[in-house]
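Next come the chains, spelled out residue by residue.
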Amino acid sequence: MMALLLITGIASAQRGLNCYPVFRGKVVPAKQMVVTEVRGERMATYKLDYYHSVQFHVDESTAMKVAGFILADADAAESAETEITGKLLTYALIQPTPYARVRRYLCYQARMVDSDWLITILYLEGSATLEDLRSMFENQ
């Protein structure tokens with residue numbers, strides 16, 4: 001019962017984000033995404049409690065739609081770093097307001113692969129700071 005409540009709470013935390021429909025397969029069908037979710041002890045090394053990523057290939061029109069969701073989250077966030085190349089958002093590191101006093105992060109990357117855009121979005125929760133995340137990403 002406790003595990004079910006925890007999972008429900010995590011899903012609720014993402015629900016407050018503009019990009020929530022992307023994670024739920026409402027923009028790109030879930031069967032076309034690579035989805036990874038990790039919770040608990042395996043994330044403790046990174047000072048995280050929850051890691052949820054989606055990755056998918058899309059055309060430019062869909063890439064612009066997804067970027068619009070991410071930019072809306074950046075506008076509403078406590079802090080955000082973004083990069084736009086040409087007319088498309090290609091990078092974002094966003095810290096939305098905490099959910100139940102838990103730090104949350106949204107990371108986004110878009111890059112051209114062949115004739116499609118490869119988009120990766122991460123949603124992270126835990127005690128990690130922005131500096132912790134930057135250090136982790138630099139070491140990857």
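Our structure is the block above this text.
Everything in this summary refers to the structure shown in the same document. (Residues numbered from 1 in each chain as written. Predicted model: local features only at pLDDT ≥ 70, side-chain atom pairs only at ≥ 80, totals over all residues. Heavy atoms only, no water.)

### So, the pairing of strand S4 (residues 88-95)
Judged by how many residues are buried, S4 sits mostly within the fold: seven of eight residues are covered. Sheet topology note: the strand S3 (residues 79-85)/S4 ladder contains seven bridges and is antiparallel. Residue pairing across strands places isoleucine 84 opposite leucine 89, the latter belonging to S4. Here S4 pairs with strand S5 (residues 103-113) via four bridges, running antiparallel. Across the sheet, residue isoleucine 94 finds its bridge partner in S5, namely leucine 106. (Buried < 20%, exposed > 50% of the residue type's maximum accessible area, 1.4 Å probe, protein only. Helix = DSSP H or I, 4+ residues; strand = E, 2+ residues; numbered from the N terminus. Pairing = 2+ DSSP bridges.)

### Observations regarding the packing of aromatic side chains
If you walk through the whole model with that rule in mind, you get one aromatic pair. A centroid spacing of 6.1 Å and a plane angle of 65° characterise the contact between tyrosine 50 and tyrosine 123, whose relative ring orientation is edge-to-face. With tyrosine 50 in strand S2 (residues 48-58) and tyrosine 123 in strand S6 (residues 116-126), the pair connects residues that are 73 residues apart, well separated along the chain. For tyrosine 123, a relative accessible area of 0% corresponds to the buried category. (Phe/Tyr/Trp six-rings, centres within 6.5 Å; stacked < 30°, edge-to-face > 60°.)

### Brief notes about the side chain of aspartate 73
Inspection of the secondary structure assignment puts aspartate 73 in helix H3 (residues 60-76). Buried charge aspartate 73 goes without a salt bridge, the closest partner of opposite sign being arginine 104 at 7.4 Å. (Lys, Arg positive; Asp, Glu negative; His and termini not counted. Salt bridge = Lys/Arg side-chain N within 4 Å of Asp/Glu carboxyl O.)

### Some points on the pattern of salt bridges
Oppositely charged side chains can pair when the atoms bearing their charge come close. Within this structure, the stated rule accounts for five salt bridges. The shortest N-O distance in the salt bridge between arginine 39 and glutamate 37 comes to 3.3 Å. Of the residues examined, glutamate 37 reaches a relative accessible area of 39% and is grouped as partly exposed. One network of salt bridges, in which partners are shared, links Glu81, Glu131 and Arg134.

### Some details on the environment of methionine 43
Tracing the backbone through its elements, the reader meets methionine 43 in the loop between strand S1 (34-39) and S2. With a relative accessible area of 7%, methionine 43 lands in the buried category. Through-space distance from the C-alpha of methionine 43 to that of glutamate 125 is 9.9 Å; in sequence the pair is 82 residues apart. For methionine 43, the residues in contact, after removing those within four places along its chain, are Val38, Leu48, Asp49 and Tyr51. (Contact = heavy atoms within 4.5 Å.)

### A few points about helix H4 (residues 130-138)
Among the residues making up H4, those that are buried are Leu130, Leu133 and Met136. Along the long axis of H4, the arc covered by the buried residues comes to 125°, so they all point the same way. Of the residues in H4, the exposed ones pointing more than 90 degrees away from the buried face are Glu131 and Glu138. Residues of H4 that are buried sit in contact with S2, S3, S4, S5 and S6. (Arc of directions from axis to C-beta.)

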